[in-house]
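A look at the structure
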Amino acid sequence: MSSNKNLDLEAVLEILEERVLQHTGRYLSPSEMVLIKGSWDGKDYKEIANDSGYNVHYLQTGVGTPLWTMLTEVVGEGVQVKKLTLRNILLKLAKKEYLKKLEASYQNVDRLIGTTRLYGDFPKITSFYGRQDEISILKREVNLLKKRCISLIGIAGIGKSILASKLIEEILLEDSNNYEYVIWKTIKRSSTIDNLVTDIIKSFNIEQAEDITLQSKLSLLLNYLQLHRCLLVLDGFEAIAPVNIFEKRLEYEDFFVGITQEKHQSCVIVTSQVPLKEITYVNVNSSIVSIQIEGLEEDAAIQLMREKGIAGEKCKELIETYRGNPSELEAVSDRINRIFGGSLEKFFDYRTTVIGPRVEAMLNLQFGQSGLLTDLQKQVMVYLAEEMAKSSALIPFSKLINDLKERLKLEAMSISKVISALEALEQRSLIEASKKSSKHELSYGMEPVIKKYILVDPYGLVYKSSNKKELTSYVQEQNSP
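Residues numbered from 1 in each chain as written. Predicted model: local features only at pLDDT ≥ 70, side-chain atom pairs only at ≥ 80, totals over all residues. Heavy atoms only, no water.

Take the overall build of the protein next. Per the secondary structure count, the protein includes 21 helices and 10 strands. Evaluated residue by residue, the protein yields a buried proportion of 49% over its 481 residues. Taking the intrachain contacts of the protein between residues at least 6 apart in sequence as the baseline, contacts between residues at least 24 apart amount to 70%. When the accessible surface of the protein is totalled, it reaches about 23,900 Å², and 48% of it is carbon and sulfur. (Helix = DSSP H or I, 4+ residues; strand = E, 2+ residues; numbered from the N terminus. Buried < 20%, exposed > 50% of the residue type's maximum accessible area, 1.4 Å probe, protein only. Contact = heavy atoms within 4.5 Å. Areas by Shrake-Rupley, 256 points an atom, 1.4 Å probe, with all protein chains shown as cover.)

Inspection of the entire model under this criterion finds 16 salt bridges. Glu 169 is the partner of Lys 166 in a salt bridge, and the nearest nitrogen-oxygen pair spans 2.9 Å. Placement of both Lys 166 and Glu 169 in helix H7 (residues 160-174) is noted, with a separation of 3 residues, approximately one turn of the helix. Look at Glu 169 and you get buried, because its relative accessible area is 9%. When salt bridges that share partners are traced, they join Glu 387, Lys 390, Lys 399 and Asp 403 into one network. (Salt bridge = Lys/Arg side-chain N within 4 Å of Asp/Glu carboxyl O.)

It is worth spelling out the packing of helix H17 (residues 375-390) against helix H20 (residues 448-456) at this point. Where H17 contacts H20, the axes come no closer than 9 Å and their chain directions differ by 100 degrees. With respect to H20, the axis of H17 lies roughly perpendicular. Only Ile 450, Lys 451, Ile 454 and Leu 455 of H20 make contact with H17, whose side of the interface consists of Met 381, Val 382, Ala 385, Glu 386, Met 388 and Ala 389. Considered class by class, the residues forming the contact of H17 with H20 number 8 nonpolar, no polar and 2 charged. (Axes fitted to C-alpha atoms, helices over the stretch in contact; angles between N-to-C directions. Parallel < 35°, antiparallel > 145°, perpendicular 65-115°, else oblique. Nonpolar A, V, L, I, M, F, W, Y, C, P; charged D, E, K, R; others polar.)

This next bit is on the nonpolar core. Most often, soluble globular proteins keep nonpolar side chains buried together rather than apart. Core analysis: the biggest nonpolar cluster contains 81 residues, and Met 381, Leu 400 and Ile 454 have the highest contact counts within it. No other element matches the 8 residues that H17 contributes to this core. Counting residues in hydrophobic clusters, the runner-up holds 33 residues, among them Leu 196, Leu 214, Phe 237 and Ile 259. (Core = buried A, V, L, I, M, F, W, Y, C linked by side-chain atoms within 4.5 Å.)

Quick look at the pairing of strand S2 (residues 116-119) now. Of the two faces of S2, the one holding Thr 116 and Leu 118 is buried and the one holding Arg 117 and Tyr 119 is not buried anywhere. Bridge count for S2 against strand S4 (residues 181-186) is 3 bridges, and the pairing is parallel. Along S4, the bridge assignment pairs Tyr 119 with Ile 183. (Pairing = 2+ DSSP bridges.)

So, on to the confidence of the model for the protein. On average, residues of the protein score 83 in pLDDT, and 88% of them reach the 70 mark or higher. Considering each helix and strand of the protein separately, the mean pLDDT is smallest for helix H21 (residues 473-478), with a value of 34, and largest for strand S10 (residues 443-445), with 95. Here residues 1-6 is a poorly scored stretch, pLDDT under 50, and it has 11 contacts once near neighbours within four places are set aside; other chains count. Under a pLDDT of 50 for its full length, residues 465-481 has, in the predicted model, 26 contacts with residues more than four places off or in other chains. (pLDDT = per-residue confidence, 0-100.)

Approximately 630 Å³ is the volume found for the largest pocket. Surrounding the largest pocket, 29 residues form its lining, Gly 159, Lys 160, Ser 161, Ile 162 and Arg 358 being those nearest its centre. Of all the secondary structure elements, the ones that give two or more residues to the lining of the largest pocket are H7, strand S6 (267-272) and helix H14 (326-340). The element best represented in the lining of the largest pocket is H7, accounting for 4 residues. The residue makeup of the lining of the largest pocket, split by class, is 10 nonpolar, 11 polar and 8 charged. (1 Å grid on protein atoms, 1.4 Å probe; cavity = no way out; pocket = protein on both sides within 12 Å on 5 of 7 lines; lining within 4 Å. Points joined across faces, edges and corners; volume = space filled by probe spheres on them.)

Moving on to the sheet that holds strand S8 (residues 395-396). Taken together, the 3 strands give an open sheet; going across it, the order is S8-S10-S9, and neighbouring strands pair in antiparallel fashion. If you trace the sheet from one side to the other, it starts and ends with S8 and strand S9 (432-434), each paired once. Where S8 lies against S10, 2 bridges are found, and the strand directions are antiparallel. Along S10, the bridge assignment pairs Pro 396 with Ser 443.

Here helix H16 (residues 357-368) spans 16 Å end to end across 12 residues, near enough to the 16 Å set by a 1.5 Å rise per residue. Among the residues making up H16, those that are buried are Val 359, Met 362, Leu 363, Leu 365, Gln 366 and Phe 367. Here the buried face of H16 lies against H14, H17 and H20. (Expected span 1.5 Å × (residues − 1).)

What follows deals with the packing of aromatic side chains. Summed over the entire model, instances satisfying the criterion amount to 13 aromatic pairs. Taking the centre distance of 5.7 Å and the plane angle of 80 degrees together, the rings of Phe 340 and Phe 347 count as edge-to-face. Among the residues examined, Phe 340 registers a relative accessible area of 16% and is labelled buried. When the centroid spacing of 5.5 Å and the interplanar angle of 50 degrees are considered together, the rings of Phe 340 and Tyr 350 count as tilted. Residue Phe 340 is located in helix H14, and its partner Tyr 350 is located in the loop between helix H15 (344-349) and H16; the two are separated by 10 residues in the primary sequence. Three or more aromatic residues joined by ring pairs form one cluster here, namely Tyr 119, Tyr 181, Phe 204 and Tyr 224. Here the basic side chain of Lys 83 rests over the ring of Tyr 45, its NZ or CZ set 5.6 Å away from the ring centre. The lysine or arginine in question, Lys 166, covers the ring of Phe 128, its NZ or CZ lying 5.4 Å from the ring centre. (Phe/Tyr/Trp six-rings, centres within 6.5 Å; stacked < 30°, edge-to-face > 60°. Lys NZ or Arg CZ within 6 Å of the ring centre and 35° of its normal.)

Below, the structure is given as structure tokens:
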């Protein structure tokens, strides 16, 4: 946590004094308050004495010594409270109390933190691992650079929603009066951009006619974003992203052009499995920031697994297999505990790959719903999965092109279309790209979980339009660890 310059010292002292009263039955004395405030500001005893008129020796021994002993018992939680450690201990105390208040506010209809009004079903953060770099980057984009739209892009289960929720928690903790409204909208598959804008307007209690057009609704929304400082999260935008419908993409363009190019003091955070440039024709400009969310770093992933009761040398191999995806690691850890008694070694003896529910649902949708994957993108994914079942080596671009020509019975192929398909799949984290050096061509592959899904094809969605199922189910299982 940062130094929290915006955190109100008076609010911290109020929390501290309540704790002291509960523990000792008395309030903090004026001299104790003087010493605490001076220590918070990083002043030494001489400076505090000069500012307050108290004697230095009295502050140091008569007030300080018993005060630090008492505070160690009241708020130390096993850490000795001293003049130099006081600020960090009080910050932790304030954060803990604040998070209790924030969690309680999520459960109430009329929710208020500071002067900020909250609307929507915010994800409950039961655990959070790593991501400090991402949080720092996002806070800089929101608070310092004043970006109007930030998109968090990543595969299912990677932690986009929890990251956005944690960001809001941190922003409100540092200054609970910075926004008038914080609104969380989880987008449903039955929704449309018109429904979404209507729901947001309702959150602001704006009067609107029943037969009002989408353009008029957008004007109302943008006017409100200009008049009021709002933080709006649109979670799961891919749910209303039929990227092959031209009219829908034009609606999305109107929406994103409005919230990014019109001058206002608000910020919209979008989480999506599909990059925004695939959803809308809007040009990426300086007001839109797109951040690709990758898997957890190794230390954070190991911490997650340790809390699940999984430990040992094989943890790193498991993290690599699942690319640090927290929901996949949780799913496989649960099965290792349930089926293999928590033994990683026994799990690896079976050379199997467990597909978690979040990624499976995403792939069901990608292959099952028209418009999310093009025929060429599907062919590329099936080709890579089948090739990597024969050998785990990545496939060079030139081999991929030649093999696809033969596979699709084409004498000529649009290289630009294949490149576009590869780029789109890579941006969605459905395939992986790598090169040995700047002088080598790109090579492609995919993570084991996605390869396993394609080869096993559990619901018949992958090969349903193809008569060329080159591997039997037996071979698929043997070659998809």
